[in-house]
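# Remarks on the overall topology
Each chain, written out:
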Amino acid sequence: MNAIRTRFAPSPTGYLHVGGLRTALYAYLLAKKHGGQFLLRIEDTDQTRLVEGATENIIEALRWAGIDFDEGPGKGGPCGPYIQSHRLEIYMKHALELIAAGHAYHCFCSSERLDELRARQTANKLPPAYDKHCRNLSPAELEEKLATERKSVIRMKVPLEGEMTFSDLIRGPVTFGYKVVDDQVLIKSDGFPTYHLAVVIDDHYMKISHVIRGEEWLSSTPKHILLYEYFGWDAPQFAHLPLLLNSDRSKLSKRQGDVAVEDYRQKGYLPEALVNFIAFLGWNPGDTREFFTLEELIKEFSLACVGKAGAIFNLEKLDWLNGQYIQRMPTRELVSRIKPLIAARELPFKNDEYLEQVVELLKERVTVLPDFLTNGAYFFDAPTHYDTAIVAKAWQPDTAQYIKEMLNVFESIQSFDAVSLEHAMREYTKNKNITMGRLIQPLRLALSGVGQGPSLYHMMALFGKEETRNRCLEACRVMTL
Ligand code: GLU
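A brief report on the enclosed structure follows. (Residues numbered from 1 in each chain as written. Predicted model: local features only at pLDDT ≥ 70, side-chain atom pairs only at ≥ 80, totals over all residues. Heavy atoms only, no water.)

## Let's talk about the site of the ligand
The ligand sits among Arg7, Ala9, Ser11, Glu43, Tyr195, Val199, Arg213 and Trp217. The separation between a nitrogen atom of the ligand and a polar main-chain atom of Ala9 is 2.8 Å. Glu43 has a polar side-chain atom sitting 2.6 Å from a nitrogen atom of the ligand. Coverage of the ligand by the protein chains reaches 83% of its 300 Å² of free accessible surface. (Near = heavy atom within 4 Å. Polar contact = N/O pair within 3.5 Å; in protein donor to acceptor, adjacent residues only side chain to side chain. Areas by Shrake-Rupley, 256 points an atom, 1.4 Å probe, with all protein chains shown as cover.)

Below you can see the structure in the form of structure tokens.
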């Protein structure tokens, strides 16, 4: 195989969409699997849709996800510049070449005329398309219009008859009749190229071997292939990825949940888990394995295992996977990822060792990183209120008395560790002829304010004798108010 070069070519119109991350990931995986290069190209030819900071956001989201590009903005490379607005002359030069070769033409139609045309077509239930009004201007007409009209665009000439077939790496042979392919504008009246011209020229000069992109671009591909033919260039291979769907099989949309990679980052999903999850939106390894690092994905990925059917973005699956990643992650590593969150929330921070134990205790009960701080808020601050439902159920008139006696027993324990604490409680409740349950819930409540959490004995051991005592006495005080 020739050198594999793939690219991710987002338009800087906002954040990085999870669908964009999948496109980038698949393109990256294919290139890396074959020892090729992965490029980032910013497609900013639609000046009306630009969003300030969007390019930086996209680059940052890719960096966070671990998808490293070999060539692109800020990195450079032999085929730059990698931002389309910095390449305008290249597009114009090629558009003029197409005109000279009879494959493109100037169009002077006003936007009013085009609007009317579209309205008429819609009224007659016809698909909107340019009626090729300027395609056959005589040389004299053309000369006159060029001299007098202020505005014009350049359109490509699509054959009037026939059809074209190309082979998509995911969909197999795809055929389009030229009748449904419009005489696409290539250069707009502002002198900027449209996406269709720029993408072909750039993919050619950037030596892209495989164009991997969303299914929504499939119907544009005939125009692109025609342009390759007009220029006399070999077209790259194409792979159009299946749609991403909500669980009700509608197209994945903002209305039903988060679609920005940044949202998932903010919510505390691990990049490793998100990437693993995203990899499975259309691809699977053909067996039951579910956990893949980026390196493993590079090894295993193949476009042949990407399906045509829409892929459901199943948030529960992501939550489960993220929880699994947290459980499998070394405690130290988790601590280093949680520390910035603690700092951001200005929570009291004891030391790494304490945090390591908190992580150990909670690891199996969290979905996303901030859960350590919310589900486990009491590890950072004493509770300020107590779950009333649990109080009603577990706190009885004699509870405070038992707790105080229990605390006295704890005073005499040699080592304040989980095993000794459990042992002491067992002895005490046996002597008092009460069940362990009579004390476990109230103690948990006193320490954490809530009805569930990790092992009570381990919690007490971590808090230490003094803190355990303080929290218990405070609870006894509040309950008797
Ligand atoms: N700029 C296009 C987009 O935003 C890229 C499509 C392609 O990869 O060809 O999706």
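## Describing empty space enclosed by the protein
Evaluated as defined, the whole model comprises one cavity of 30 Å³ or more. Surrounding the largest cavity, Asn276, Phe277, Phe280, Glu290, Lys317 and Leu321 form its lining. When residues of the lining of the largest cavity are traced back to their parent elements, those giving at least two are helix H9 (271-279) and helix H11 (315-328). Its residues assigned to classes, the lining of the largest cavity shows three nonpolar, one polar and two charged. (1 Å grid on protein atoms, 1.4 Å probe; cavity = no way out; pocket = protein on both sides within 12 Å on 5 of 7 lines; lining within 4 Å. Points joined across faces, edges and corners; volume = space filled by probe spheres on them. Helix = DSSP H or I, 4+ residues; strand = E, 2+ residues; numbered from the N terminus. Nonpolar A, V, L, I, M, F, W, Y, C, P; charged D, E, K, R; others polar.)

## Observations regarding the environment of Arg471
For Arg471, the location among the structural elements is in helix H19 (residues 456-479). Along the primary structure Arg471 and Ile434 are separated by 37 residues, whereas in three dimensions their C-alpha atoms are 22 Å apart. At 2.9 Å, the side chain of Arg471 forms a polar contact with the backbone oxygen of Tyr378.

## Points about the packing of helix H17 (residues 418-432) against H19
Running from N to C, H17 and H19 point in directions that differ by 120°, and their axes come no closer than 8 Å. Here H17 is positioned oblique relative to H19, judged by the angle of their axes. Judged by the sense of rotation from one axis to the other, the crossing of H17 with H19 is right-handed. Residues Ala418, Leu421, Glu422 and Met425 of H17 form the contact with H19, whose participating residues are Leu456, Tyr457, His458, Met460 and Ala461. Grouping the amino acids of the contact of H17 with H19 by side-chain chemistry returns seven nonpolar, one polar and one charged. (Axes fitted to C-alpha atoms, helices over the stretch in contact; angles between N-to-C directions. Parallel < 35°, antiparallel > 145°, perpendicular 65-115°, else oblique. Left-handed = near helix turned anticlockwise from the far one by under 90°. Contact = heavy atoms within 4.5 Å.)

## Regarding the pattern of salt bridges
All told, the structure shown has 30 salt bridges when counted by the stated rule. Close ionic contact of Glu97 with Lys93 constitutes a salt bridge, the shortest N to O distance being 3.5 Å. With a gap of four residues between them, Glu97 and Lys93 both fall in helix H3 (residues 88-100), about one helical turn apart. For Glu97, a relative accessible area of 36% gives the class partly exposed. Judged by relative accessible area, which is 49%, Lys93 ranks as partly exposed. Close ionic contact of Arg337 with Glu272 constitutes a salt bridge, the shortest N to O distance being 2.5 Å. Pair noted here: Arg337 is in helix H12 (residues 331-344) and Glu272 is in helix H9, with a separation of 65 residues, a long-range link. The partly exposed category is assigned to Glu272, whose relative accessible area is 29%. Bridged by salt links that share partners, the residues Arg7, Arg41, Glu43, Arg87, Asp202 and Asp203 form one connected network. (Salt bridge = Lys/Arg side-chain N within 4 Å of Asp/Glu carboxyl O. Buried < 20%, exposed > 50% of the residue type's maximum accessible area, 1.4 Å probe, protein only.)

## Focus: the nonpolar core
Nonpolar side chains in soluble globular proteins tend to be buried together. The biggest cluster of nonpolar side chains holds 110 residues, and the ones touching the most others in it are Leu62, Phe372, Phe379, Phe410, Met425 and Met460. Contact partners of Met460, with chain neighbours within four places excluded, come to Phe410, Phe416, Leu421, Met425, Leu443, Leu447 and Thr468. (Core = buried A, V, L, I, M, F, W, Y, C linked by side-chain atoms within 4.5 Å.)

The values are spatial; any link to function lies outside them.
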